Amino acid sequence: AGATCAGEQPALQLVSVTAGGAVVAGLPVTSNTMTINETLAIGTVVLTVGPQNSGASTKEVGTTGYTFTSVRAAVGAAESVLLKSIQWYQSGSAGSSDLANVVTVVDGVAYPTTVSADGRYYTSVINKTVEKGLFVEMSIKGDLISGSARTVRFDVYRYADIQAKGLVFGYEITPT
């Protein structure tokens, strides 16, 4: 505790090989060095409930293009971020056969969803760049085709259900 490694330059080194036969190699083999940085500030993504969050409402079977909910992703000032995908969790009583044309909408672009075998997770691959300091709203919408008296409730269940990657340093970012 309290010891710092900042500025050190470790390297990986192979010094011996145990094999069943002859090994022809110039040992040791040394990797490139890497400088340790303890102050690197990577990108951030902060999630909040989006303005298209419908809350509790009653909709008739046959309603089309209904926005179930939305989430806002704000990118911090350190670096721009690639939003790779989002996974929505449907915790209501409706089954996937009660819904059709379910898509994630980001900046007016609809991205198709892939539904998990249990009908609970709807995943969209987005691959959209969000510049540092800006935000994007992601919503999920679809058609109610059956399931009278059933409920549909979409949420982002875990922060890690939104995959993001910083575009300067290349690290995966878990939203908060």
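Residues numbered from 1 in each chain as written. Predicted model: local features only at pLDDT ≥ 70, side-chain atom pairs only at ≥ 80, totals over all residues. Heavy atoms only, no water.

**Student:** A description of the overall build of the protein chain should follow, citing residues and the corresponding values.
**Tutor:** A tally of helices and strands in the protein chain yields 0 helices and 13 strands. Listing every helix and strand of the protein chain by position from the N terminus yields β-β-β-β-β-β-β-β-β-β-β-β-β. Taking 16 Å as the expected radius of gyration for a compact globule of 176 residues, we find that the protein chain reaches 23 Å, considerably beyond that expectation. In terms of overall dimensions, the protein chain has a C-alpha envelope of 75 × 45 × 35 Å along the principal axes. Counting only residues that meet the buried cut, the protein chain has 32% of its 176 residues in that class. (Helix = DSSP H or I, 4+ residues; strand = E, 2+ residues; numbered from the N terminus. Rg over C-alpha atoms; globule rule 2.2 N^0.38 Å. Buried < 20%, exposed > 50% of the residue type's maximum accessible area, 1.4 Å probe, protein only.)

**Student:** Summarise the pattern of salt bridges; cite the residues concerned and give the values.
**Tutor:** A complete count under the given rule lists 5 salt bridges for this structure. Between lysine 84 and glutamate 172 there is a salt bridge whose closest N-O contact spans 3.2 Å. Linking lysine 84 in strand 5 (residues 81-90) with glutamate 172 in strand 13 (residues 172-173), this pair joins segments that are 88 residues apart in sequence. The partly exposed category is assigned to lysine 84, whose relative accessible area is 25%. (Salt bridge = Lys/Arg side-chain N within 4 Å of Asp/Glu carboxyl O.)

**Student:** Describe the side chain of threonine 63, listing the residues and the values that go with them.
**Tutor:** Within the fold, threonine 63 resides in the loop between strand 3 (45-49) and strand 4 (66-75). A distance of 2.7 Å separates a polar side-chain atom of threonine 63 from the backbone oxygen of glutamate 60. (Polar contact = N/O pair within 3.5 Å; in protein donor to acceptor, adjacent residues only side chain to side chain.)

**Student:** So what's going on with the packing of aromatic side chains? Which residues, and what values?
**Tutor:** Throughout the structure, instances matching the rule amount to 5 aromatic pairs. Here the aromatic rings of tyrosine 66 and phenylalanine 68 are separated by 5.4 Å at their centres, their planes lie at 80°, and the arrangement is edge-to-face. For the pair tyrosine 66 and phenylalanine 68, one class covers both residues: buried. Taking the ring centre of phenylalanine 135 as reference, the NZ or CZ of arginine 72 above it sits at 3.6 Å. (Phe/Tyr/Trp six-rings, centres within 6.5 Å; stacked < 30°, edge-to-face > 60°. Lys NZ or Arg CZ within 6 Å of the ring centre and 35° of its normal.)

**Student:** Can you tell me about unusual backbone geometry, naming the residues and giving the values?
**Tutor:** In this structure, the amide linkage connecting leucine 27 to the following residue, proline 28, adopts the cis form with an omega of 5°. Mapping proline 28 onto the fold places it in the loop between strand 1 (13-14) and strand 2 (29-30). A positive phi angle, close to 50°, is found at aspartate 107, a residue other than glycine. You can see aspartate 107 is positioned in the loop between strand 6 (99-106) and strand 7 (109-112). Its relative accessible area of 53% is what places aspartate 107 among the exposed residues.

**Student:** Got a sec to walk through the nonpolar core? Specific residues and values, please.
**Tutor:** Judged by nonpolar contacts, the single largest core of 26 residues is most densely connected at Leu83, Trp88, Met138 and Phe154. Counting only elements with at least two residues in this core, the list comes to strand 3, strand 4, strand 5, strand 6, strand 9 (121-130), strand 10 (135-144) and strand 12 (162-166). When residues in this core are grouped by element, the largest group, 5 residues, is from strand 4. In this structure methionine 138 touches Thr69, Ser70, Val71, Ala73, Leu83, Ile86, Trp88, Thr104, Val105, Val106, Ile126 and Ile162, once residues within four positions along its chain are discounted. (Core = buried A, V, L, I, M, F, W, Y, C linked by side-chain atoms within 4.5 Å. Contact = heavy atoms within 4.5 Å.)

**Student:** So what's going on with the sheet that holds strand 4? Which residues, and what values?
**Tutor:** With respect to topology, 5 strands assemble into an open sheet ordered 3-4-10-6-7, the strand pairing being antiparallel. Looking along the sheet, the strands with just one partner apiece sit at the ends: strand 3 and strand 7. Each strand of the sheet is rotated relative to its neighbour by a mean of 30°, with strand direction disregarded. In this sheet, strand 7 lies alongside strand 6 in antiparallel orientation, the contact comprising 4 bridges. Looking across to strand 7, one finds that valine 105 is bridged to alanine 110. (Pairing = 2+ DSSP bridges. Axes fitted to C-alpha atoms, helices over the stretch in contact; angles between N-to-C directions.)

**Student:** Describe in detail the pairing of strand 6, supporting the description with residues and values.
**Tutor:** Extensive coverage of strand 6 is indicated by the burial of 6 of its 8 residues. Here strand 6 folds back onto strand 7, and the loop between the two strands holds 2 residues, one of which, aspartate 107, carries a positive phi near 50°.

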